[in-house]
Amino acid sequence: MLNVGNKVLQQLSALLLERAGLKITLDGYHSLRLALSTRMPVLGLSDPEKYLQKLTSASGEEELRSLLPLVTVGHTEFFRDAKQFRALEQSVLPDLLARARREMRKVSIWSAGCATGEEPYSLALVMAELGALAVEVDLWATDLNLAAVEAARQGRFSTRRAMAIGPERLKRFFRQVEDGYEASPILREYIRFDGQNLAAPVFDKVAPASLDLILCRNVIIYFDLPTIRGLMDRFLAALRPGGLLFLGYSESLFKVYDRFEMIEVDGAFVYRRPLGERPRPPPPLAPMVTEPRPGSPESFAVELRQRLQANAEAAAKLRAAGASPDTSSVRAPDSLVRRPTTELPSVGPLAGRRTGEFPAFRPEPTRTGEFPSIRPEPPRTAEPPRRPTDRPTGTFAAVRVEPPASRPLAEAAPARPSGSWPQLLPPAERLNMAVRKMGEGDFPGAIEGVKRLLVDEPSDLDALLTLGNLYSLTGRINEARDTFGQALQREPLCVEARIFGGVAAMQAGSLAEARSELAKALFLEPTLAIGHYLLAQVQERTQDFESARRSYRNAVAQLKYPQRPLAGHYPEMLDSAESISRAARYALAALEEQPG
């Protein structure tokens, strides 16, 4: 590995903190060295100080962006996500081993994006405990970062990183060395390490329908939608019928890709290549159309609150009169379940206002009870659970879950009495139930629902971001900051945490903080049009009109690139190209009428 002094690492850490908000501790210096070992040869550099000079130069921004994913790739651990590994240990791997032995072949597993090896070594350890011999297992572990792959191949881990293994397993499968622990030769025999770019259009080293299991966890969060869909096509082709795909809890194929089945195995939701007939191709995505809405734009959050309250009050009056709500006059809560929704305030008259206004949303405590929830439909009578029949060894006793994207949102989660948060639904559907409560004006109920979801699914990034937004919308700014901070601890390059953190700071009147958060988001994803639009709002509030004009123009200019949906739910956040363009152009036109 490249020899890099601590002084250069400290300077590089400070640069990453300033530009991307990425905090590198002393434990993270190992990941920094791995990243430098990969990037410096690409530029033909061997001196770390010259590479640092390159990063700090005017042309170094793109290189710094190339370095970032390699720095964070080391953020992994043994047996990461306890619920998933419980499913792997108790059901998935034992069944795959039994099936492979019955068919007289190897168990084929791909750990895609293995970083420094904690995941494949965890899998190898479990297979060894199940009694599988190394010759019975083909465990392929790959990563884009070749330096990380080489470190994984060596199988050496610091004492801190090895603690998650447990003393008995450490004693059996590792030996203690000067700076930590080293995997035993017996364990290393199960794994073959290799370099692989997951964004490559073809996987030359993978035969069609040859894999039983793919783990690609906490990787696709760095990909755009076309790349994710192409990768899912290649994963689907590589898996045997009935083969399984494990993604990270912060990653979901909801409304992204529907050719996998979602199933539940021992409390973990995973994706499966359908059995039997060849899966149908994904339907073309319908364009999202945002109709202009009348009204003043001067108070987004207040407008939102008033509209939600009006809907709820109208429903309450209908209930008091003994009538059922008329969906033609009361906005259906299902219409707010889309992620993300599509509008910020529409733009009214341009004169006599400050453009881009995004005031704080601070509901008064005395009004908390004035948000009656819309009466839910009676709960549907559930079918009695089917008694599992005798099944051959090697088949999954898994609960089939229909992909949410394949049916109307109104059917995704049947209405239940307030306070009912079923745990057998997929996390995305449980989150949608909370979002519906938000749409009805029941913010306390929405917060409670998301908090309960996070107890069961602590790694669900969508839920964590949504909780931060709920805190922000209800004026609990410090709790919002803490929640977005937790999201960044889990995913250091989470653009949404910076975007929503900037919005929360705007609502709190902390404009310097908002500018800093949005600038970091745009460094991480410079083509994100909504980031430029929100930054323009901050600049306008600080009377920096020239910068605001430039940022509004940037927001429009970025629309030539595909705009991805943001993780997390924020009511009526601009996300379509049409809505962002219209809002930015109106705001820019109003600014042109002002001096400066």
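Values in this document were obtained by computation on a predicted structure and should not be read as measured data.

### Details of the environment of R452
Then comes step 1: Positionally, R452 belongs in helix α15 (residues 443–456).
Then comes step 2: Among the residues examined, R452 registers a relative accessible area of 35% and is labelled partly exposed.
Then comes step 3: With 22 residues separating them in the primary sequence, R452 and R430 have C-alpha atoms 9.6 Å apart.

### Some details on the nonpolar core
Then comes step 1: Grouped together as the largest cluster of nonpolar side chains are 85 residues, with contacts concentrated most on L16, L67, L465, I499, I530, Y533 and Y552.
Then comes step 2: Core analysis: the second largest hydrophobic core is formed by 48 residues, L96, A132, L215 and V270 among them.

### What to know about the pairing of strand β4 (residues 174–177)
Then comes step 1: Sheet analysis places β4 next to strand β5 (residues 180–183), joined by four bridges and oriented antiparallel. Counterpart to R175 in the pairing with β5 is E182.
Then comes step 2: The turn linking β4 back onto β5 is made up of two residues.

### A closer look at the sheet that holds strand β3 (residues 156–158)
Then comes step 1: Spatial strand order, β3-β5-β4: three strands in an open sheet with antiparallel pairing. In this open sheet, the two strands that pair with only one neighbour each are β3 and β4. Sheet twist, expressed as the average angle between the axes of neighbouring strands with direction ignored, equals 30°.

### What to know about unusual backbone geometry
Then comes step 1: Unlike most non-glycine residues, D81 shows phi in positive territory, near 70°.
Then comes step 2: Inspection of the secondary structure assignment puts D81 in the loop between α4 (61–72) and α5 (82–102).
Then comes step 3: Notably, M104 is not glycine yet its phi reads approximately 55°, a positive angle.
Then comes step 4: Along the polypeptide, M104 turns up in the loop between α5 and β1 (107–112).

### Let's talk about the pattern of salt bridges
Then comes step 1: Considering all chains together, one arrives at 32 salt bridges under this definition.
Then comes step 2: Among the ionic pairs, E182 bridges to R175, the shortest N-O distance being 2.9 Å.
Then comes step 3: The salt bridge partner of D212 is R240, with a shortest N-O separation of 3.2 Å. One end of the pair, D212, is in strand β7 (residues 211–216); the other, R240, is in strand β8 (residues 239–247), with 28 residues separating them in the sequence.
Then comes step 4: When salt bridges that share partners are traced, they join R19, E61, E62 and R65 into one network.

### Quick look at the side chain of R217
Then comes step 1: Position of R217 relative to the elements: it lies in the loop between β7 and α11 (225–238).
Then comes step 2: Exposure remark for R217: the relative accessible area of 7% places this residue in the buried category.
Then comes step 3: Only 2.8 Å separates the side chain of R217 from the backbone oxygen of R80, close enough to count as a polar contact.
Then comes step 4: One polar contact links R217 to Q84, side chain to side chain, over a distance of 2.9 Å.

### Focus on the packing of helix α16 (residues 461–473) against helix α17 (residues 477–490)
Then comes step 1: With their axes 7 Å apart at the nearest point, α16 and α17 run at an angle of 160° to one another. By the angle between their directions, the pair α16 and α17 is classed as roughly antiparallel. In this structure, α16 crosses over α17, and the sense of that crossing is left-handed. The segment α16 lies against α17, with L461, L464, L465, L467, G468, N469, Y471 and S472 engaging I477, E479, A480, T483, F484, Q486, A487 and R490.
Then comes step 2: Partitioning the contact of α16 with α17 into residue classes produces nine nonpolar, five polar and two charged.

What counts, and at which threshold
- Residues numbered from 1 in each chain as written.
- Predicted model: local features only at pLDDT ≥ 70, side-chain atom pairs only at ≥ 80, totals over all residues.
- Heavy atoms only, no water.
- Helix = DSSP H or I, 4+ residues; strand = E, 2+ residues; numbered from the N terminus.
- Buried < 20%, exposed > 50% of the residue type's maximum accessible area, 1.4 Å probe, protein only.
- Core = buried A, V, L, I, M, F, W, Y, C linked by side-chain atoms within 4.5 Å.
- Pairing = 2+ DSSP bridges.
- Axes fitted to C-alpha atoms, helices over the stretch in contact; angles between N-to-C directions.
- Salt bridge = Lys/Arg side-chain N within 4 Å of Asp/Glu carboxyl O.
- Polar contact = N/O pair within 3.5 Å; in protein donor to acceptor, adjacent residues only side chain to side chain.
- Parallel < 35°, antiparallel > 145°, perpendicular 65-115°, else oblique.
- Left-handed = near helix turned anticlockwise from the far one by under 90°.
- Contact = heavy atoms within 4.5 Å.
- Nonpolar A, V, L, I, M, F, W, Y, C, P; charged D, E, K, R; others polar.

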